[in-house]
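Remarks on the overall topology
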Amino acid sequence: MAIIEVKALTKVFGNDPKRAFPLLDKGWSKERIARETKLTVGVNRVSLSIEAGEIFVIMGLSGSGKSTLVRLFNRLIEPTAGQVLINGQDIVQLNPEQLRQVRRKTMSMVFQKFALFPHRTVIENVEYGLEVQGVAKEERRSKAKQTIELVGLAGLEDSRPDQLSGGMQQRVGLARGLANDPQILLMDEAFSALDPLIRKDMQDELLELQASMKKTIIFITHDLDEALRIGDRIALMKDGVVVQIGTPEEILTNPANAYVERFVEDVDLSKVLTASHVMIRAETITLDRGPRVALQLMRDRGISNIYVVDKARQLIGVVTAEDAAAAIKSGQTVEQILIRDTPTVSPDVLLGELFDVVSSAKIPVAVIDNRQRLVGIIIRGAVLAALTGNSGEEVGEPPR
Amino acid sequence: MNIPKIPIGEWVEAIELWLETNAEPVFDAIKLLIGVTVNTLADAFNYLPPLLVIVIFTFIAFWIGRYRIAVFTLLGLLLVLNLGYWEHTMETLALVLTASFISIIIGVPLGILCAANDKARNVVTPILDFMQTMPAFVYLLPAVAFFSLGVVPGVVASVIFSVPPTIRLTNLGIRQVPADLVEAANAFGSTPMQKLYKVQLPIAVPTIMAGINQTIMLSLSMVVIASMIGAQGVGADVFKAVTQARTGVGFEAGLAVVVLAIILDRMTQNLVKKNKKG
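Presented here is an overview of the structure given in this document.

1. Brief notes about the overall build of chain B
Counting secondary structure elements, chain B contains 13 helices and zero strands. Its helices and strands in sequence order give chain B the pattern α-α-α-α-α-α-α-α-α-α-α-α-α, from N to C terminus. With the C-alpha coordinates of chain B rotated into their principal frame, the extents come out at 70 × 65 × 40 Å. Looking at chain B alone, contacts between residues at least 24 apart form 77% of all its contacts between residues at least 6 apart.

As structure tokens, then:
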């Protein structure tokens, strides 16, 4: 179910901003409106819906309106027109007190430059959201303490923010956002001020936390790699307009227009595509079949290996055509010629990490999920094909 | 052609007269309040034996700052006592503290108002410019008209002269709170009051304290001027020395003002640093 439903949300900065609407309807560009009316179109009639529990990334270059858009959601910036429905309630229509309640209970925010209160200790920062709600001191302390442990800062409760490194400070920012247990977490370029290694750690941790928390996270970034890494869906913005909304794969493989295409063309695919993108369907037999069946299947399909699975499709091993032919002559069973130490990877391994496994394996690498079930195999050529940009059709759609 | 002079002076006097006749109860109440405060403070300082007061001040200085300020306080006040200006210096201190206290009570809220509201700031700023550039002597006349001679008009004139820095720097301190912190306070659902007390004021404290420090210094500089309309204290000694052309006495009494100024300045400055260290 959609937790946030945004309808024709618009923000125009300047005097008498409604003047811009007829011009926008006429299709004037942001530049032309700025030139002729001195009005700045921040967000232009954005409509989107965000599902509960997803990480929704809003991506765009600076000036694309992404930070403005997210501030319209909690009305740190007042929308000029449009609706923001959260759980069906229009945020734009709320009076100040109702809006405060939404900000306190439903939605919290993590900031690019952390925005920690310098005069408060870590725990005092984290409990701020609860404090303004009037939660009793002991209760909010214990909640804040739990949240600090959750983000891995136990023991630093009484430190001052300026005593912490950037990564640690943003953990405090994250903890402050999580302490009042909101449904929605707005993260405005939350990791952009961190250096690349720390940023990657924070992304991983966010994904880990998200796996157990199941918040709805709206994540703003200008970094495509970051968007592709953590986003369940991505909205790409340009000049205040949402250009395309889709899963990372859709954005990469099927860019909506030339702008998106240019945006994604420099992506290092080896850091984005995973095993599941390049794997193909595996031919399998079960153990109770004889070597003759195995060989016949391989001949029919023109392949030199066949994978042996049990009834639950859990991988047992692999049989080569050579061994099968020999077994027919010597009367061995499939079980006797089975090669059990098959190279395997999980579906979410990045292509970059696949190189070693794939190049050193004599047979195609088996892709198995977390219950040991065979979901596909990877042939060497497919990895190269994907990296040269021919992902998708030619390699075979990943089974979903 | 003969352009008639614009009668600004007459207007001001008319306003003064009107206030004198119509707002007398208000002025009487203010007069009573200020008079009682100053006299109580001065009496308290002079009731205790000077050495005890010196010890107390030295301890306060030590608690706020480092030993250097404490040593200066001890030696400086002993010098004042030795020169024979103790009683008058304490009267001056009472006047300065009262004027500064009133300035803070008026100035901080006004500064907050200016920070929160651009219109208020646009009205208040030119008034402050006016107050600070109009020669301080000019305040003495209406002050005397409303409050007659004595210490009260001195306090009032000091407040008018010394309140601007507190207002200005409170406004500045709050406006200088980084925008993302204000945004964070808003994003977590703070009421305007919560935002003010939990975020803006604590972060603005060093700047506000700098304003209060300036206010105290300015009100001290009014001490001599205030003595012209009958305010007691060491300022009166300076004034008398000037009128009688007695350089030595003037220097001694001036020295007492300097000692007081340095002690108050260092104490308020260190209060900021102490606050920062938390």
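This is not the end of the story, as more comes after the structure.
2. Topic: the pairing of strand β13 (residues 315-320) of chain A
Each regular strand shows side chains that alternate between the opposite faces of the sheet. Residues and elements named next belong to chain A. Pairing of strand β12 (residues 305-309) with β13, which is carried by five bridges, proceeds in the antiparallel orientation. Bridge assignment links valine 308 to a residue of β13, and that residue is glycine 317. The antiparallel pairing of β12 with β13 creates a hairpin that spans five residues between the two strands, and arginine 313 there sits at a positive phi of about 60°.

3. So, unusual backbone geometry
The phi torsion of most residues other than glycine is negative, and most of the peptide bonds are trans. All names here are of chain A. Within the chain, alanine 115 stands out as a residue other than glycine whose phi angle is a positive 55°. For alanine 115, a count of 23 C-beta atoms within 10 Å corresponds to the buried category. The phi torsion at lysine 214 lies on the positive side, around 55°, for a residue other than glycine. By the element assignment, lysine 214 lies in the loop between α9 (196-213) and β8 (216-221).

4. Remarks on the sheet that holds strand β1 (residues 2-13) of chain A
Residue and element names in this part refer to chain A. Reading across from one edge, β2-β1-β4-β5 is the order of the four strands in this open sheet, with antiparallel pairing throughout. Because the sheet does not close on itself, it has two edges, and the strands there are β2 (40-51) and β5 (89-90). The sheet contacts of helix α3 (residues 66-73) involve β1, β2 and β4 (81-86), and relative to β2 the element is tilted by about 60°.

5. A short note on the sheet that holds strand β7 (residues 184-188) of chain A
Residue and element names in this part refer to chain A. Read across the sheet, six strands follow the order β6-β7-β8-β3-β9-β10 without closing on themselves; strand pairing throughout is mixed. Whereas interior strands pair on both sides, the edge strands pair on one side only; in this sheet they are β6 (107-110) and β10 (241-246). Between one strand axis and the next, the sheet turns through 20° on average, direction left out of account.

6. Examining the interface of chain A and chain B
Opposite the 17 residues of chain A that make contact, chain B presents 14 residues. For the side of chain A that touches chain B, the secondary-structure elements that each account for two or more residues are α4 (96-105), β6 and α6 (128-133) of chain A. Ranked by the residues each element gives to the side of chain A that touches chain B, the list is headed by α4 of chain A, at four residues. Of the residues belonging to the side of chain A that touches chain B, the class tally is eight nonpolar, five polar and four charged.

7. Some words on the packing of helix α2 (residues 24-47) of chain B against helix α5 (residues 86-116) of chain B
Residues and elements named next belong to chain B. Between α2 and α5, whose axes approach to 8 Å, the crossing angle comes to 140°. By the criterion of interaxial angle, the relationship of α2 to α5 is oblique. The handedness of the crossing between α2 and α5 comes out as right-handed. Side by side, α2 and α5 meet where Ile34, Thr37, Val38, Leu41, Ala42, Phe45 and Asn46 of the first sit next to Glu87, Met90, Glu91, Leu93, Ala94, Leu95, Leu97 and Thr98 of the second. Considered class by class, the residues forming the contact of α2 with α5 number ten nonpolar, three polar and two charged.

8. Re the environment of valine 241 of chain A
Residues and elements named next belong to chain A. By the secondary structure assignment, valine 241 is in strand β10. Residue classification places valine 241 among the partly exposed positions, given that 17 C-beta atoms sit within 10 Å. For valine 241 and glycine 60, which are 181 residues apart along the polypeptide, the C-alpha to C-alpha distance reads 9.9 Å.

9. Here we look at helix α7 (residues 137-150) of chain A
The periodicity of an α-helix, 3.6 residues per turn, causes residues three or four positions apart to be oriented the same way. Residue and element names in this part refer to chain A. Between its first and last C-alpha atoms α7 spans 20 Å; for 14 residues at 1.5 Å apiece the expected length is 20 Å, and the two agree. Within the sequence span of α7, burial applies to Arg140, Ala144, Thr147 and Ile148. End-on view of α7: buried residues confined to an arc of 100°, all on one side of the axis. Of the residues in α7, the exposed ones pointing more than 90 degrees away from the buried face are Glu138, Glu139 and Ser142. Where α7 is buried, its residues contact α5 (122-126), α6 and α8 (166-179). Just downstream of α7, glycine 152 is the residue with a positive phi angle, here 80°.

10. Considering the packing of helix α6 (residues 118-133) of chain B against helix α8 (residues 151-175) of chain B
Residues and elements named next belong to chain B. Following both chains from N to C, one finds α6 and α8 inclined at 145°, their axes separated by 9 Å at the closest point. Judged by the sense of rotation from one axis to the other, the crossing of α6 with α8 is left-handed. Facing α6, whose interface residues are Arg121, Val124, Leu128, Met131 and Gln132, α8 presents Ile160, Pro164, Ile167, Arg168 and Asn171. Here the contact of α6 with α8 is composed, by residue class, of six nonpolar, two polar and two charged.

Procedures and definitions
- Residues numbered from 1 in each chain as written.
- Chains lettered and ligands numbered in written order.
- Predicted model: local features only at pLDDT ≥ 70, side-chain atom pairs only at ≥ 80, totals over all residues.
- Helix = DSSP H or I, 4+ residues; strand = E, 2+ residues; numbered from the N terminus.
- Contact = placed C-beta atoms within 7 Å.
- Pairing = 2+ DSSP bridges.
- Buried ≥ 20, exposed ≤ 12 C-beta atoms within 10 Å, placed from the backbone.
- Axes fitted to C-alpha atoms, helices over the stretch in contact; angles between N-to-C directions.
- Nonpolar A, V, L, I, M, F, W, Y, C, P; charged D, E, K, R; others polar.
- Parallel < 35°, antiparallel > 145°, perpendicular 65-115°, else oblique.
- Left-handed = near helix turned anticlockwise from the far one by under 90°.
- Expected span 1.5 Å × (residues − 1).
- Arc of directions from axis to C-beta.

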